[in-house]
Amino acid sequence: MRTPKLPHIRPSEITAERYFRMRRGLLASALGLAGASLIPASGRAAPGAPAATPAAGAAALRYTRNPHFVAVDKPNTYEEITGYNNFYEFGIDKTDPAANAGSLRTRPWSLTIAGEAEVTGRYNLEDILKAHPLEERIYRHRCVEGWSMVIPWVGFPLGDLLKRFRPTSRAKFVEFTTLLDPQQMPGQRRGVLDWPYVEGLRIDEAMNPLALMVVGVYGRELPNQNGAPLRVHLPWKYGFKSGKSIVRIRFSARQPRTTWPAAWPDEYGFYANVNPNVDHPRWSQATERRIGEGLFAPRHPTEMFNGYGEQVASLYQGLDLRRNF
Ligand SMILES: Nc1nc2c(c(=O)[nH]1)N[C@H]1C(S)=C(S)[C@@H](COP(=O)(O)O)O[C@H]1N2
Ligand SMILES: [Mo]
């Protein structure tokens, strides 16, 4: 299969380091950085992190540590991050993905770019990885179910990839589609969800520098159960907005029909911003349980936009977040 060369991106279009520098003080105070033990800004080892025992065989990645997203909370262990997952393509229990995702083949892999962009086509994963320097960012991940984790992801800004394809002025949304292959994904043989899993963002959300295209965790290639080889992570949104094992990105003029709101429109909205003030119809979203602390540990208060409001609140100015949940 021949695939076209990845389009060039002008250096001036790459997510500006300045963006973070400007907001560093704000971020630090918003996340309570003062007094937290800092992890060095570069290098491979993470002395501040708990002992990680990445799966034998997961290839080590070359990356730099983004000093603006270091551990403000204790990161979850590799075992927690890769052993407690939501990935319904491999079963609905938290331990199912780790047990069953071995059947997913992540090489060769290609990503199709479609829709409202000047450049579209099908691109090799290798070319995408070669073109984007990787960084580590420690992000808090909050599931709509009421649990959270702190995860040292490795990836690159999603916007840096999207800009290459020069979305047209009609591109108001971006849709992400997960692989559809019931042979490799046994959960797709059952009608738990409408397959393939589809997620979507407004284009300005997708271009926000916080939006990360994730390819690794704890310095190594992403395990299948976490959405290898390409998954997004939007740390200010509930976890279900972060589609896994993505094969297609489509720019569109209209809001895409995404899996969870299509199935349960009263329970899951398109925006799904982390919001302690807007409860799920069947449970409160005011607090969360940190995985690894045990069932009897006190719950943590959930923060507006999961604590990333300084970077993203402006995206929602004038939007009623109760209606647009
Ligand atoms: N394709 C696909 N993507 C998915 C899901 C899924 O079931 N299928 N689950 C979502 C949910 S609800 C969460 S909380 C996160 C979990 O990501 P993690 O297992 O890496 O923590 O993936 C999201 N992305
Ligand atoms: Mo979730």
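Read on for a plain summary of the structure. Only a predicted model underlies this, so the values are computations on that prediction, with no experimental measurement involved.

**A closer look at the overall build of the chain**
- A tally of regular secondary structure across the chain gives eight helices and 13 strands.
- Within the chain, the fraction of its 325 residues that count as buried is 54%.
- Within the chain, residue pairs in contact and separated by at least 24 positions form 73% of the contacts whose partners lie at least 6 positions apart.

**Some points on the site of ligand 1**
- The immediate surroundings of ligand 1 are formed by 17 residues, with Tyr 88, Glu 89, Arg 231, Ser 242 and Lys 244 found nearest.
- Contacts to ligand 1 include Arg 231, whose side-chain N or O atom sits 2.8 Å from an oxygen atom.
- Note that an oxygen atom of ligand 1 is positioned 2.7 Å from one of the side-chain N or O atoms of Lys 244.
- Contact with the protein chains hides 98% of the accessible area of ligand 1, taken as 530 Å² for the molecule alone.
- Its residues assigned to classes, the shell around ligand 1 shows six nonpolar, eight polar and three charged.

**With respect to unusual backbone geometry**
- In this structure, Pro 108 follows Arg 107 across a cis peptide bond, with omega equal to -10°.
- Position of Pro 108 among the secondary structure elements: in the loop between helix 3 (96–100) and strand 2 (110–115).
- Although it is not a glycine, Tyr 218 adopts a positive phi angle of roughly 50°.
- Residue position: Tyr 218 is located in the loop between strand 8 (212–217) and strand 9 (220–221).
- The class of Tyr 218 is buried, set by a relative accessible area of 11%.
- Residues other than glycine seldom take positive phi values, yet Phe 305 does so here, at roughly 50°.
- Structurally, Phe 305 can be placed in the loop between strand 13 (300–301) and helix 8 (309–312).
- Looking at Phe 305, the relative accessible area reads 6%, which means it is buried.

**Digging into the pattern of salt bridges**
- One pass over the full model with this rule turns up 21 salt bridges.
- The residue Arg 65 makes a salt bridge to Glu 136 at a minimum N-O spacing of 2.5 Å. Pair noted here: Arg 65 is in strand 1 (residues 64–65) and Glu 136 is in strand 4 (residues 135–142), with a separation of 71 residues, a long-range link.
- Here Lys 94 ties to Glu 145 by a salt bridge, and the two come within 3.0 Å at their closest N and O atoms. Of this pair, Lys 94 sits in the loop between helix 2 (78–83) and helix 3 while Glu 145 sits in the loop between strand 4 and strand 5 (147–157); the two residues are 51 residues apart in sequence, bridging distant segments of the chain.
- According to the relative accessible area criterion, Lys 94 is buried, its value standing at 19%.

**Focus: the environment of Val 70**
- Mapping Val 70 onto the fold places it in the loop between strand 1 and helix 2.
- Separated by 69 residues in the primary sequence, Val 70 and Tyr 139 place their C-alpha atoms 8.1 Å from one another.

**Some remarks on the sheet that holds strand 3 (residues 121–124)**
- The strand order 3-2-11-6-7 describes an open sheet built from five strands, whose pairing is mixed. Of all the strands in the sheet, just strand 3 and strand 7 (198–202) have a single pairing partner and so form its edges. Sheet twist, expressed as the average angle between the axes of neighbouring strands with direction ignored, equals 20°.

Cut-off values and rules
- Residues numbered from 1 in each chain as written.
- Chains lettered and ligands numbered in written order.
- Predicted model: local features only at pLDDT ≥ 70, side-chain atom pairs only at ≥ 80, totals over all residues.
- Heavy atoms only, no water.
- Helix = DSSP H or I, 4+ residues; strand = E, 2+ residues; numbered from the N terminus.
- Buried < 20%, exposed > 50% of the residue type's maximum accessible area, 1.4 Å probe, protein only.
- Contact = heavy atoms within 4.5 Å.
- Near = heavy atom within 4 Å.
- Polar contact = N/O pair within 3.5 Å; in protein donor to acceptor, adjacent residues only side chain to side chain.
- Areas by Shrake-Rupley, 256 points an atom, 1.4 Å probe, with all protein chains shown as cover.
- Nonpolar A, V, L, I, M, F, W, Y, C, P; charged D, E, K, R; others polar.
- Salt bridge = Lys/Arg side-chain N within 4 Å of Asp/Glu carboxyl O.
- Pairing = 2+ DSSP bridges.
- Axes fitted to C-alpha atoms, helices over the stretch in contact; angles between N-to-C directions.

As far as function goes, none of this settles anything; it's purely spatial.
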